[in-house]
Amino acid sequence: MSSRTLSAEGRPIKPLFSHGPVPSYRMLLCAVLAFTLMFAEHRLSFMEDVRAQLTTVVAPVQWAVSLPSEGLAWAALVFSDQRALVEENQRLRQQLLTLSHRVQRMANLTAENVRLRELLNAAPREDVPYITAELLSLDSDPFTQQMVIGRGRRDGVYVGQPVMDASGLIGQVVAVSAYTSRVLMIADANHAVPVQINRTGRRFIVQGTGKLDTLSVLNVPATADIREGDLLTTSGLGGRFPEGYPVAEVTRVQRDGQHSFADVEARPLAQPERSRHFLLLFPPPSSAAVNSEVDLEAALRLLEGVSGGTGAQEATP
């Protein structure tokens, strides 16, 4: 006797979910395809262009996904209590007064710094241009700390570009498409930043730990002058991040008499989980990079001169 279910007309009803070996083969096919794409992305250079094109195609979807959160934020702003708005206005006025006082003090310090640099015949520091960008998505993967912002190649964004928020350094751009960019945050375990202690000027390397609220300061001697509460800023070494931007605050310094290095942790000042707007910096090329390019050009000219002179000597006989 057949166990098939019959419809009212007497015809067998097709089941919604198929059973048997077909789903297993589909799962195996998807796994093989995924591993092939992962291998191709790491081994083949043209896959970067393919990924950029696919990111451009997905950009409208990312914008559509971000619309509900923007709508909720707008609705919360519209239906906010008047008392809460008055309190926020007073708080912002107080903050504006405090910042105005700091700006006045900073103008005096800036003028003094300019005079001192002129006495030392040092090159003047120029303002770093920037553009603003809005957050599209923040990755929820616990193994990677990345986010997508709404600026791309058409806006002049490039791989390696520093990204800031209102509190400090966020990270750097690692992938660029036409309209969006992917940012690797400093909290990622694969990211490191050269920093210096603002109080003493001593330089170290800060590496991410995979946690948004913890960074690791590497290779700190046990006798180094570093303490809890020290501000860590970018040192400018390497030419990737401009000097003087806040990165983190030292939260723990543990020294052990049996080891030569101290265990030091810091808390990032940037707040990617709260910020929605960021700054993309356009720092000028570092002097080290310029000098290396000049040395390379000089070496090429020297090689051309040597090859030209050798050819003339050979042609003389």
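What about the overall build of the chain?
Scanning the chain from N- to C-terminus turns up four helices and twelve strands. Excluding contacts between residues fewer than 6 apart, the proportion of contacts in the chain whose partners are at least 24 apart in sequence is 55%. Counting every atom, the chain has about 22,500 Å² of accessible surface; 58% of that belongs to carbon and sulfur.

Some remarks on the sheet that holds strand β3 (residues 162–164)
Within the closed barrel, the six strands sit side by side as β1-β2-β5-β4-β3-β12. Their pairing is antiparallel. The average angle at which neighbouring strand axes cross in this sheet is 45 degrees, direction not considered. The pairing of strand β1 (residues 130–138) with strand β2 (residues 146–149) spans three bridges and is classified as antiparallel. Considered in β2, the bridge of Leu 138 is made with Met 147.

Examining the pattern of salt bridges
Taken as a whole and assessed by the stated rule, the structure comprises nine salt bridges. A salt bridge links Glu 134 to Arg 276, with the nearest nitrogen and oxygen atoms 3.7 Å apart. With Glu 134 in strand β1 and Arg 276 in the loop between β11 (261–268) and β12 (277–281), this pair connects stretches of sequence that are 142 residues apart. The residue Arg 182 makes a salt bridge to Asp 139 at a minimum N-O spacing of 2.7 Å. Taken together, the positions of Arg 182 in strand β5 (residues 181–185) and Asp 139 in the loop between β1 and β2 put the pair 43 residues apart, joining distant regions of the chain. Judged by relative accessible area, which is 25%, Asp 139 ranks as partly exposed. Three or more residues are tied together by salt bridges with common partners; here these are Arg 199, Asp 225, Arg 227 and Asp 230.

Let's talk about the side chain of Thr 234
Mapping Thr 234 onto the fold places it in strand β9 (residues 231–234). In terms of polar contacts, Thr 234 uses its side chain to reach the backbone carbonyl oxygen of Pro 242, at 2.5 Å. Ignoring anything within four residues of it in the chain, the contact list for Thr 234 reads Leu 169, Val 193, Pro 194, Val 195, Gln 196, Phe 241, Pro 242, Glu 243, Gly 244, Tyr 245 and Val 247.

Examining unusual backbone geometry
Despite not being glycine, Asn 219 has its phi angle at roughly 50 degrees, a positive value. You can see Asn 219 is positioned in strand β8 (residues 215–221).

A look at the sheet that holds β8
Pairing is antiparallel in the closed barrel, where six strands are placed in the order β6-β7-β8-β11-β10-β9. On average, adjacent strands in this sheet sit at an angle of 40 degrees to one another, irrespective of strand direction. Where strand β10 (residues 246–254) meets β11, six bridges bridge the pair, whose relative direction is antiparallel. Of the residues in β11, the one forming a bridge with Gln 254 is Asp 263.

Some details on the nonpolar core
Counting 24 residues, the largest nonpolar core has Val 217, Ile 226, Leu 232 and Val 264 as its most contacted members. Those elements giving two or more residues to this core turn out to be β6 (192–197), β7 (203–208), β8, β10 and β11. The residues touching Val 264, leaving out its near neighbours within four places in the chain, are Leu 215, Ser 216, Val 217, Val 220, Ile 226, Val 250, Arg 252 and Val 253. In this structure, Ala 133, Met 147, Ile 149 and Val 163 belong to the second largest nonpolar core, which totals 14 residues.

A short note on a nonpolar patch on the surface
A surface patch of nonpolar side chains, amounting to about 350 Å² of accessible area, comprises Val 57, Val 58, Val 61 and Val 65. Looking at the secondary structure, you find Val 61 in helix α2 (residues 47–78). Relative accessible area serves as the criterion here: at 49%, Val 61 is assigned to the partly exposed category.

Here's the deal with helix α3 (residues 82–119)
Its 38 residues give α3 an end-to-end C-alpha distance of 55 Å, which sits within 8% of 56 Å, the value for a rise of 1.5 Å per residue. Of the residues flanking the end of α3, it is Asn 121, one or two places downstream, whose phi is positive at about 55 degrees.

About the thresholds
- Residues numbered from 1 in each chain as written.
- Predicted model: local features only at pLDDT ≥ 70, side-chain atom pairs only at ≥ 80, totals over all residues.
- Heavy atoms only, no water.
- Helix = DSSP H or I, 4+ residues; strand = E, 2+ residues; numbered from the N terminus.
- Contact = heavy atoms within 4.5 Å.
- Areas by Shrake-Rupley, 256 points an atom, 1.4 Å probe, with all protein chains shown as cover.
- Pairing = 2+ DSSP bridges.
- Axes fitted to C-alpha atoms, helices over the stretch in contact; angles between N-to-C directions.
- Salt bridge = Lys/Arg side-chain N within 4 Å of Asp/Glu carboxyl O.
- Buried < 20%, exposed > 50% of the residue type's maximum accessible area, 1.4 Å probe, protein only.
- Polar contact = N/O pair within 3.5 Å; in protein donor to acceptor, adjacent residues only side chain to side chain.
- Core = buried A, V, L, I, M, F, W, Y, C linked by side-chain atoms within 4.5 Å.
- Patch = residues over 30% accessible without salt bridge, like charges linked within 9 Å, V, L, I, M, F, W, Y side chains within 5 Å.
- Expected span 1.5 Å × (residues − 1).

Note that every value here comes from positions in space, so none of it alone points to a role or purpose.
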